[in-house]
Amino acid sequence: MAALMNNDVFVVALWAIVKVAIILGVLLGVVTYLIFAERKICGHMQARTGPNRVGPFGLLQTPLDVLKLLFKEEFIPAEANKIIFHIAPMLAVFPAIVTFSVIPMGPPPMFVVTDVNVGLLVFLAMSSLGVYALTLAGWSSNNKYALLGGLRSSAQMISYELAMGLSTIPVILRSGTLSLVGIVDSQAGTYLIPGTHIPLPSWGVFHWYLVLPFAVFLVCSFAETNRAPFDLPEAEGELVAGFHTEYSSMKWAMFFLGEYFNMIVICSIMITMFFGGWHGPFMELLGPVFGPLLGLGWFLLKLSAFLFFFIWVRWTFPRLRYDQLMGFGWKVLLPAAILNVVIAAAWLYWRAA
Amino acid sequence: MVPVLFLGFGALLVATALMVVLHRNPVTSALFLVLAFCSLAGIYLLLHAEFIGLVQIIVYAGAIMVLFLFVIMYLNLPHDVEHGTHIAVRRGIGWMVGALMLLFATLLMRRGWAPGPENAAMIGQEHGNAAAIGRELYSRFLFPFEVTSMLLLVAMVGAIVMTKARRPAGEERP
């Protein structure tokens with residue numbers, strides 16, 4: 001045992017596994033209450049109360065819903081492709097969880113699982129693998145509504161992935177690294193607005209050439225998580241329930257677990273790239289022990305704000321029509337993202353010269 | 001640790017690549033190809049080529065194969081038909097090409113060309129190799145890079161022209 005503890009690789013791997021276990025456990029709880037929050041917020045936006053019957057303030061509603069889903073009968077269509085039908089819900093959750101391993105949730109090395117030097121690419125790769133869950137679920141159900149939902153999701157996610165990938169390039173140009181820890185580091189400190197004495201945090205979104213990329217990334221992130229106004233793959237008004245029409249019980253719940261995981265991931269990435277990650281005021285004052293904890297706190301605060309924003313948007317905007325969705329992705333967002341790259345590159349080159 | 005992982009990824013790559021060819025159902029074949037790409041990406045990661053490995057997943061597994069699947073699902077292909085003379089002819093051609101490839105590969109291996117240098121220089125290890133690749137791409141390989149981009153542009157324009165419906169001469173645009 002002592003020999004093992006002296007082995008660097010073993011210690012790093014052990015710490016990584018411990019952190020992964022903690023993150024996974026916490027996330028499952030967070031998702032449970034994120035669903036509760038969504039239902040509550042939605043209720044109040046529609047001048048209702050939302051769930052308030054089970055437990056104090058309705059707090060036990062979603063845990064009991066999960067229990068109900070676990071005990072529900074599972075239905076598999078006779079003509080479905082059984083193996084792929086089982087694999088699809090797993091694929092919905094897996095890529096989202098993998099991305100958490102590169103997100104810096106607080107100051108390294110304590111609150112980072114791994115600092116990969118291509119962390120941003122890990123996120124892009126995993127979000128591009130997320131398409132398979134919906135596409136395969138739609139195809140393997142052997143149901144025309146499900147198939148239509150699956151086809152829509154593959155077309156939608158491929159279209160919006162391009163704009164999303166391109167809108168990250170100005171951030172990479174500014175920080176000069178693909179590592180997410182490096183990107184957060186490049187946003188440390190404050191700067192003065194030129195010509196005035198007002199300090200601004202040096203976060204990505206407070207630089208003029210990163211405002212448009214942020215807007216593009218934000219819109220694409222709604223499309224990538226399949227949430228309203230881009231929830232075409234499951235448009236219940238036209239496709240019954242879209243890609244998960246034939247799914248029931250816990251398999252159905254896995255898709256929603258995946259959706260909420262994806263939401264948390266994409267909000268964390270937005271914070272990391274544009275909102276300074278875990279940076280915030282007063283961290284130096286608290287010393288080496290409580291400072292990093294406050295960093296984690298800032299990260300969680302920003303995360304909650306973004307998650308609230310996602311829920312807010314979902315219950316505010318109507319669903320787009322399919323041709324509007326495609327037209328917007330290819331004719332507005334993609335050119336805007338390419339323009340961003342040119343502007344940011346020209347500005348950074350001019351400033352450096 | 002690394003040799004074990006390499007053997008694992010290599011075995012997975014060979015097995016999934018074989019399944020791509022051997023499986024009857026086109027969708028399952030396409031999915032095995034995705035797995036093959038992912039295991040190839042794993043081998044790239046073991047070689048410290050993180051950038052190439054992840055771009056392999058983003059481009060091939062995440063974009064190109066999704067388009068393949070999209071087309072296969074859209075056409076709703078039935079299982080392969082297994083009779084008729086043209087299938088026999090195709091099989092014969094397949095065996096011949098396969099035998100030729102095998103011969104070629106053994107020749108290459110015996111000449112000792114395929115394995116490459118024993119200790120290849122690791123470029124730009126300290127900053128990760130994304131920076132090194134970018135520098136090489138925009139200096140030494142700039143001309144091939146630009147030519148490739150022109151080629152892709154031509155292919156894209158060609159595809160758009162071909163899919164646009166032809167109108168008889170003189171007809172007004174709608």
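Residues numbered from 1 in each chain as written. Chains lettered and ligands numbered in written order. Predicted model: local features only at pLDDT ≥ 70, side-chain atom pairs only at ≥ 80, totals over all residues.

Draft legend 1. Fine view of helix α6 (residues 131–140) of chain A. Among the 10 residues of α6(A), 10 are classified as buried, and the element is accordingly described as predominantly covered. All of the buried residues along α6(A) are V131(A), Y132(A), A133(A), L134(A), T135(A), L136(A), A137(A), G138(A), W139(A) and S140(A). Against the buried residues of α6(A) lie α4 (82–99), α5 (119–129), α7 (144–175) and α10 (249–274) of chain A together with α2 (26–46) and α3 (50–75) of chain B. Count one or two residues on from α6(A) and you reach N142(A), which has phi positive near 60 degrees. (Buried ≥ 20, exposed ≤ 12 C-beta atoms within 10 Å, placed from the backbone. Helix = DSSP H or I, 4+ residues; strand = E, 2+ residues; numbered from the N terminus. Contact = placed C-beta atoms within 7 Å.)

Draft legend 2. Expanded view of the domain arrangement of chain B. According to the domain assignment, chain B contains domain 1 (1–80), domain 2 (84–111) and domain 3 (127–164). On a C-alpha basis, the centres of domain 1 of chain B and domain 3 of chain B stand 23 Å from each other. (Domains from an automatic or database assignment.)

Draft legend 3. Highlighting the environment of V34(B). All names here are of chain B. Take V34: it is sitting in helix α2. V34 sits 18 residues away from T16 along the chain, and the two C-alpha atoms are 8.8 Å apart. Apart from residues lying up to four places away in sequence, V34 is in contact with A61 and M65.

Draft legend 4. Representation of the domain arrangement of chain A in the model. Residue and element names in this part refer to chain A. Split into domains, chain A comes out as domain 1 (1–71) and domain 2 (73–352). At the interface, 18 residues of domain 1 touch 15 residues of domain 2. Of all the elements in the fold, those that place two or more residues in the side of domain 1 that touches domain 2 are α2 (8–45) and α3 (61–71). Element by element, the count of residues in the side of domain 1 that touches domain 2 is highest for α2, at 15 residues. Looking at the side of domain 1 that touches domain 2 residue by residue, the class counts come to 16 nonpolar, no polar and 2 charged. (Nonpolar A, V, L, I, M, F, W, Y, C, P; charged D, E, K, R; others polar.)

Draft legend 5. α4(A), seen in detail. Residue and element names in this part refer to chain A. At M90, α4 is bent by approximately 30 degrees, the largest bend along its length. Among all positions in α4, only F85, A88, P89, L91, A92, V93, P95, A96 and T99 are buried. Check the buried side of α4 and you find it contacts α5, α6 and α10. (Bend = angle between axes of the 7 residues up to and from the residue.)

Draft legend 6. Inspection of unusual backbone geometry at higher detail. At N226(A), a position not held by glycine, the phi torsion is positive, near 55 degrees. You can see N226(A) is positioned in the loop between α9 (211–224) and α10.

Draft legend 7. View of the interface of chain B and chain A. Contacts between chain B and chain A engage 18 residues on the former and 19 residues on the latter. At 15 residues, the largest contribution of residues to the side of chain B that touches chain A is made by α3(B).

Draft legend 8. Layout of the nonpolar core. Counting residues in hydrophobic clusters, the biggest one holds 114 residues, and the most contacted among them are L121(A), M270(A), F37(B) and L54(B). Ranked by residue count, the leading element in this core is α10(A), at 17 residues. Beyond its immediate chain neighbours, meaning those up to four positions away, M270(A) contacts F217(A), L218(A), S221(A), F275(A) and F306(A). (Core = buried A, V, L, I, M, F, W, Y, C linked by C-beta atoms within 7 Å.)

Draft legend 9. Quick peek at the packing of α7(A) against helix α12 (residues 322–352) of chain A. Residues and elements named next belong to chain A. At a minimum axis distance of 9 Å, the contact between α7 and α12 shows a crossing angle of 15 degrees. The orientation of α7 with respect to α12, classified from their angle, is roughly parallel. Of the two possible hands of crossing, α7 and α12 adopt the one that is left-handed. Of the residues contributing to the contact of α7 with α12, the split by class is 19 nonpolar, 5 polar and 2 charged. (Axes fitted to C-alpha atoms, helices over the stretch in contact; angles between N-to-C directions. Parallel < 35°, antiparallel > 145°, perpendicular 65-115°, else oblique. Left-handed = near helix turned anticlockwise from the far one by under 90°.)

Draft legend 10. Summary view of the packing of α2(A) against α10(A). Residues and elements named next belong to chain A. Across the interface, α2 lies against α10 with an axial gap of 10 Å and an inter-helix angle of 100 degrees. As judged from the angle between their axes, α2 and α10 are roughly perpendicular. Here L27, V30, V31, L34 and I35 of α2 come into contact with α10, specifically with L257, Y260, F261 and I264. Classifying every residue of the contact of α2 with α10 by side-chain character gives 9 nonpolar, no polar and no charged.

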